[in-house]
Amino acid sequence: AGLLDRLGLPYVPLADLDLAAHAGGLELLLFPYNPSLPDTAYAAVERFVAHGGKLITCFNIPAPLARIAQLAPGAYVGEETSGHFASIRPANGGLPGMPDITPQASWNIVAMTPANASGRVAARWHTAAGVDTGHPAVVVTGRAAHLTHLFLRDAPDEKARLLLAMVGHLLPDAWETAARAAMTRAGAFGPYAGFEQAVAGLSAATPERARADLEQARSFHARAGEALARGDHPGALASAAEARNRLFRAYAAAQPARPGEFRGFWCHNAYGVPGMSWDEAVRNLAANGFNAVLPNMLWGGVAYYPSSVLPVAADVGVQGDALAQCLA
């Protein structure tokens, strides 16, 4: 749902018990993680597909759903070592608009394949070193697109583009919907509802050093409109995303500092940034406008300084009093 929101594609959440009553009028059913379904659901999905509906399925799906999606059952495959399933990359021509590399730190898959010659593997899993594992990542058929693991939260930009490629393969009109939504969203942040309003609001407020970002935002947004007009929807999406990025940089630069503003940096590690002394870290933070550090010096059961209340972390005996070092 988060990825669909990001893409500007409308959707309706349904319970699997409600498919029979509510699948009518929809174009695509997306099963994000449904290792089992009620018996009534299969007949509803059969009818849905018979009337031209499409499916997106993920990971471990029940045999009746696999049959409807024209997928052959696959074996469970766990990672051989950490980083075995590290990215999804196109295979056999991929899908239009699919990223060249979609990072995803998966730990297992169910290696489903097409059930007949009309389907194909459109992407395979690669290791952290970029080696092709030979295992399918995305499988497409005449009825469905299937991801052999789940949609995880890492790399959300690439993940959204991967999902859009799968949806767009089944419903080509989704590309234009997403491209138009991206152009609208390019300026939808802070007090602004859209791009033109954001540009107008920032034109007077943006400091000189950020005016180049504002001009580049205008340029990329114009390119997005040109790409949309000629039907280059992936190009429109890419230019709209760059327009949003540049416009947001200008928006950030336009925010005035407030007197006495608290600008804190949370440091999760009691001994500071790994590979950097506290002096180096604080100098770097101060140079970039921070004026406070919130160091994580104790947990529920251990302190990183001599404490009369909690046990003292073993690291203190080796690396010293973390609190004293930070304060110094």
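Look above for the structure.
These numbers come from a predicted model, not from an experiment. (Residues numbered from 1 in each chain as written. Predicted model: local features only at pLDDT ≥ 70, side-chain atom pairs only at ≥ 80, totals over all residues. Heavy atoms only, no water.)

1. Looking at the side chain of Ser-106
Move 1: Mapped onto the secondary structure, Ser-106 falls in strand β5 (residues 102-106).
Move 2: Assessed through its relative accessible area of 3%, Ser-106 is described here as buried.
Move 3: At 2.7 Å, the side chain of Ser-106 forms a polar contact with the side chain of His-149.
Move 4: Discounting residues that sit within four places of it in the chain, Ser-106 has contacts with Glu-79, Phe-85, Trp-125, His-149 and Leu-152. (Helix = DSSP H or I, 4+ residues; strand = E, 2+ residues; numbered from the N terminus. Buried < 20%, exposed > 50% of the residue type's maximum accessible area, 1.4 Å probe, protein only. Polar contact = N/O pair within 3.5 Å; in protein donor to acceptor, adjacent residues only side chain to side chain. Contact = heavy atoms within 4.5 Å.)

2. Quick look at the nonpolar core
Move 1: Residues Val-45, Leu-55 and Val-138 are the most contacted members of the largest nonpolar core, which totals 68 residues.
Move 2: Counting residues per element, this core draws most heavily on helix α5 (residues 156-170), which supplies eight residues.
Move 3: Beyond its immediate chain neighbours, meaning those up to four positions away, Val-45 contacts Leu-19, Leu-29, Phe-31, Leu-55, Leu-65 and Ile-68.
Move 4: Counting residues in hydrophobic clusters, the runner-up holds 15 residues, among them Ala-186, Tyr-192, Phe-195 and Ala-254. (Core = buried A, V, L, I, M, F, W, Y, C linked by side-chain atoms within 4.5 Å.)

3. Re the pairing of strand β10 (residues 264-267)
Working note: regular strand, side chains alternate between the two faces of the sheet.
Move 1: Summarising the sheet, β10 and strand β11 (residues 292-295) pair through four bridges and their orientation is parallel. Its bridge partner lying in β11, Trp-266 is registered against Leu-294.
Move 2: You can see the chain leave β10, run along helix α10 (residues 278-287) and come back into β11, and the turn it takes is right-handed. (Pairing = 2+ DSSP bridges. Right-handed = clockwise from strand over helix to strand, strands pointing away.)

4. Focus on the environment of Ala-229
Move 1: Within the fold, Ala-229 resides in helix α8 (residues 211-229).
Move 2: Residue Ala-229 is classed as exposed on the basis of its relative accessible area, which comes to 71%.
Move 3: The spatial distance from the C-alpha of Ala-229 to the C-alpha of Pro-191 is 29 Å, given a sequence separation of 38 residues.

5. Examining a nonpolar patch on the surface
Move 1: A contiguous nonpolar patch, built from Phe-262, Trp-266 and Leu-294 and spanning about 360 Å² of accessible area, is present on the exposed surface.
Move 2: By the secondary structure assignment, Leu-294 is in strand β11. (Patch = residues over 30% accessible without salt bridge, like charges linked within 9 Å, V, L, I, M, F, W, Y side chains within 5 Å. Areas by Shrake-Rupley, 256 points an atom, 1.4 Å probe, with all protein chains shown as cover. Salt bridge = Lys/Arg side-chain N within 4 Å of Asp/Glu carboxyl O.)

6. Focus: the sheet that holds strand β9 (residues 144-147)
Move 1: Reading across the sheet, the seven strands line up as β1-β2-β9-β8-β7-β4-β5 and stay open at both edges, with mixed pairing between neighbours. Of all the strands in the sheet, just β1 (28-31) and β5 have a single pairing partner and so form its edges. Here the average twist between neighbouring strands, direction ignored, is 25 degrees. (Axes fitted to C-alpha atoms, helices over the stretch in contact; angles between N-to-C directions.)

7. A closer look at the packing of helix α6 (residues 173-185) against α8
Move 1: α8 packs onto α6 with a crossing angle of 160 degrees between their chain directions and a minimal axis gap of 10 Å. When the axes of α6 and α8 are compared, the pair comes out roughly antiparallel. As for the relative orientation of α6 and α8, their crossing is left-handed in sense. Residue-level inspection shows Glu-176, Ala-179, Arg-180 and Met-183 of α6 in contact with α8, the latter providing His-221, Ala-224, Gly-225 and Leu-228. (Parallel < 35°, antiparallel > 145°, perpendicular 65-115°, else oblique. Left-handed = near helix turned anticlockwise from the far one by under 90°.)

8. Section: the packing of α6 against helix α9 (residues 233-254)
Move 1: Where α6 meets α9, the closest approach of the two axes is 9 Å, and the angle between their N-to-C directions is 15 degrees. Considered as vectors, α6 and α9 are oriented roughly parallel to each other. Our pair here, α6 against α9, has a crossing hand that is left-handed. Side by side, α6 and α9 meet where Trp-175, Glu-176, Ala-178, Ala-179, Ala-182, Met-183 and Arg-185 of the first sit next to His-233, Pro-234, Ala-236, Leu-237, Ala-240 and Arg-244 of the second.

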